[in-house]
Amino acid sequence: VQLVESGGGLVQAGGSLRLSCAASGRTFSGYAMGWFRQAPGKEREFVTAISWDGASTRYADSVKGRFTISRDNAKNTVYLQMNSLKPGDTAVYYCAAIGSPYSGTSGYTNAYTYWGQGTQVTVSS
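Presented here is an overview of the structure given in this document. Position numbers for residues start from 1 in each chain and track the written sequence from start to end. Totals for whole chains, interfaces and linings use all residues, but because this is a predicted model, local features are given only for residues with pLDDT of at least 70 and pairs of side-chain atoms are given and counted only at 80 or more. Where side-chain values are given, they derive from all heavy atoms of the structure, hydrogens and water being excluded.

Notes on unusual backbone geometry
- If you check the backbone angles, Asn 76 has positive phi at about 55° while not being a glycine.
- The way it works is that DSSP assigns letters per residue, a run of H or I at least four long becomes a helix, a run of E at least two long becomes a strand, and they are numbered from the N terminus. Structurally, Asn 76 can be placed in the loop between β7 (67-72) and β8 (77-82).
- Although it is not a glycine, Tyr 102 sits at a positive phi angle of roughly 55°.
- Within the secondary structure layout, Tyr 102 lies in the loop between β9 (91-98) and β10 (112-115).

Focus on the pattern of salt bridges
- Salt bridge, as used here: a side-chain nitrogen of Lys or Arg that lies within 4 Å of a carboxyl oxygen of Asp or Glu. Inspection of the entire model under this criterion finds 4 salt bridges.
- Linked through salt bridges whose partners overlap, the residues forming this network are Arg 37, Glu 45, Arg 66 and Asp 89.

Remarks on the sheet that holds strand β1 (residues 2-6)
- Strand pairing follows a simple DSSP-based rule, namely that at least 2 bridges must link the two strands. Here we have 4 strands laid out as an open sheet, ordered β1-β3-β8-β7, and antiparallel in their pairing. Two strands in the sheet have a free side with no partner beyond their single neighbour: β1 and β7. Each adjacent strand pair in this sheet contributes to an overall mean axis angle of 15°, direction not counted.
- Examined bridge by bridge, strand β3 (residues 17-24) and β8 share 6 bridges and lie antiparallel to one another. Between N-to-C directions, angles cover 0 to 180 degrees, with each direction set by a line fitted to C-alpha atoms, over the stretch in contact for helices.

Here we look at the packing of aromatic side chains
- Any two of the Phe, Tyr and Trp rings considered here, Trp counted by its six-membered ring, make a pair once their centres fall within 6.5 Å; the pair's planes then place it as stacked at under 30 degrees, edge-to-face at over 60, or tilted in between. Taken as a whole and assessed by the stated rule, the structure comprises 7 aromatic pairs.
- With 5.6 Å between their ring centres and 70° between their planes, Phe 36 and Phe 46 make a pair best called edge-to-face. Of the two residues, Phe 36 is situated in strand β4 (residues 33-38) and Phe 46 in strand β5 (residues 45-50); the sequence distance between them amounts to 10 residues.
- Assessed through its relative accessible area of 17%, Phe 46 is described here as buried.
- Through a chain of ring-to-ring contacts, the aromatic side chains of Phe 36, Phe 46, Tyr 112 and Trp 115 assemble into a single cluster.
- One Lys or Arg, Arg 18, reaches over the ring of Tyr 79 and ends 4.0 Å from the middle of that ring.
- In this scheme, the term charge over a ring applies when either NZ of a lysine or CZ of an arginine sits within 6 Å of the ring centre and within 35 degrees of the ring normal. One cation-aromatic arrangement involves Arg 44 over Tyr 94; the distance from NZ or CZ to the ring centre is 3.7 Å. Partly exposed describes any residue whose relative accessible area lies between the buried limit of under 20% and the exposed limit of over 50%, with all areas from a 1.4 Å probe on protein chains only and scaled to the type maximum.

Brief notes about the nonpolar core
- Working definition of a nonpolar core: buried Ala, Val, Leu, Ile, Met, Phe, Trp, Tyr and Cys residues. They are joined through side-chain atoms within 4.5 Å. Among the nonpolar cores identified, the biggest contains 34 residues, and Leu 3, Met 33, Trp 35, Phe 67, Leu 80, Met 82 and Tyr 93 are the most heavily contacted of them.
- At the level of elements, β3, β4, β5, β7, β8, β9 and β11 (119-124) are the ones that each hand at least two residues to this core.
- If one sorts the elements of this core by residue count, β9 sits on top with 6 residues.
- Contacts between residues were defined by any pair of non-hydrogen atoms, one from each residue, lying within 4.5 Å. Those residues within four positions of Met 33 in sequence are excluded, and the remaining contacts are Leu 3, Cys 21, Phe 28, Thr 48, Ala 49, Ile 50, Ile 69, Arg 71, Val 78, Ala 96, Ala 97 and Tyr 112.

Right, here's the structure in full:
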């Protein structure tokens, strides 16, 4: 079971990036997925999550209106579109999958069983 993030990089404030999280080793179409981030010296924090069927999403207040999570179950991939990026968004971004099928979304790290290795996002001012 593997989650692999991609799409990170360096961008100027106000710019956009699109992260992808590709799952392999099993299908995650029946599992809620989430994105978290961790900045240097800080704890890992919740960013956004999406239900197994894409019908329900939740966002941290800090990214509402700027970030959009989506998924393509046929491709076993989850996306994070990030617009209007700010220097405060600089962090390593991780995708994760909840361990129980057909469960709701969660903002808690301990609800997620599978994690990717992370991708660095750096926003310059």
